[in-house]
Amino acid sequence: MADDVRARKLQPIYNALDARNYKMAIKLCTKKDLERWDIVKTLKAHALERLGKVEEALEVCAEVAAHKPTDETVRK
């Protein structure tokens, strides 16, 4: 059940990225209940990179790497 909730909360972010609406993806990544998840930070970094904000994206990636994530979708 927890995976269903997680997938439901992440789906709008994936949809925004698929639609190349990177600003919306970043906005969705800053929701209070999601912003601390490593996968959300990783998706935010991807959107930032696509918008040309490479330095900011690298900062977010460094923050995620500092947590030493074990989730395979975050580590790659």
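Residues numbered from 1 in each chain as written. Predicted model: local features only at pLDDT ≥ 70, side-chain atom pairs only at ≥ 80, totals over all residues. Heavy atoms only, no water.

For the rest of this paragraph, the subject is the nonpolar core. One broad trend across soluble globular proteins is that nonpolar side chains are buried collectively. By size, the foremost hydrophobic cluster in this structure holds 18 residues, and its most contacted members are Leu10, Ile13, Leu17, Val40, Leu43 and Ala47. Looking at this core, the elements that each hand over two or more residues are helix H1 (2–18), helix H2 (22–29), helix H3 (38–50) and helix H4 (54–66). Of the residues forming this core, the biggest block, six residues, is contributed by H3. If near-sequence neighbours (up to four positions away) are discounted, Ile13 is found in contact with Ala25, Leu28, Cys29, Leu34, Val40 and Leu43. (Core = buried A, V, L, I, M, F, W, Y, C linked by side-chain atoms within 4.5 Å. Buried < 20%, exposed > 50% of the residue type's maximum accessible area, 1.4 Å probe, protein only. Helix = DSSP H or I, 4+ residues; strand = E, 2+ residues; numbered from the N terminus. Contact = heavy atoms within 4.5 Å.)

The end-to-end C-alpha distance of H4, which contains 13 residues, comes to 18 Å, matching closely the 18 Å that a straight helix rising 1.5 Å per residue would cover. Ala57, Val60 and Val64 are the residues of H4 that are buried. With its buried residues spanning 65 degrees around the axis, H4 presents them on a single face. Looking at H4, the residues exposed on the side facing more than 90 degrees away from the buried face are Glu55, Glu59 and Ala66. Looking at the residues trailing H4, positive phi occurs at Lys68, about 50 degrees. (Expected span 1.5 Å × (residues − 1). Arc of directions from axis to C-beta.)

This part is about the side chain of Lys41. Inspection of the secondary structure puts Lys41 in helix H3. Its relative accessible area of 12% is what places Lys41 among the buried residues. With residues up to four places along the chain from it excluded, the contact list for Lys41 reads Glu35, Arg36, Val60, Glu63, Val64 and His67.

Where H1 meets H3, the axes come as close as 11 Å, and the angle between the chain directions of the two elements is 5 degrees. Relative to H3, H1 is oriented roughly parallel. The residues of H3 that touch H1, namely those facing Arg6, Leu10, Ile13, Tyr14 and Leu17, are Ile39, Val40, Leu43, His46 and Ala47. Looking at the contact of H1 with H3 residue by residue, the class counts come to eight nonpolar, one polar and one charged. (Axes fitted to C-alpha atoms, helices over the stretch in contact; angles between N-to-C directions. Parallel < 35°, antiparallel > 145°, perpendicular 65-115°, else oblique. Nonpolar A, V, L, I, M, F, W, Y, C, P; charged D, E, K, R; others polar.)

On to the confidence of the model for the chain, then. Counting all residues, the mean pLDDT for the chain is 90, and 89% of those residues have values of 70 or more. Taking the mean pLDDT of every element in the chain, the minimum, 62, falls on helix H5 (residues 72–75) and the maximum, 97, on H2. (pLDDT = per-residue confidence, 0-100.)

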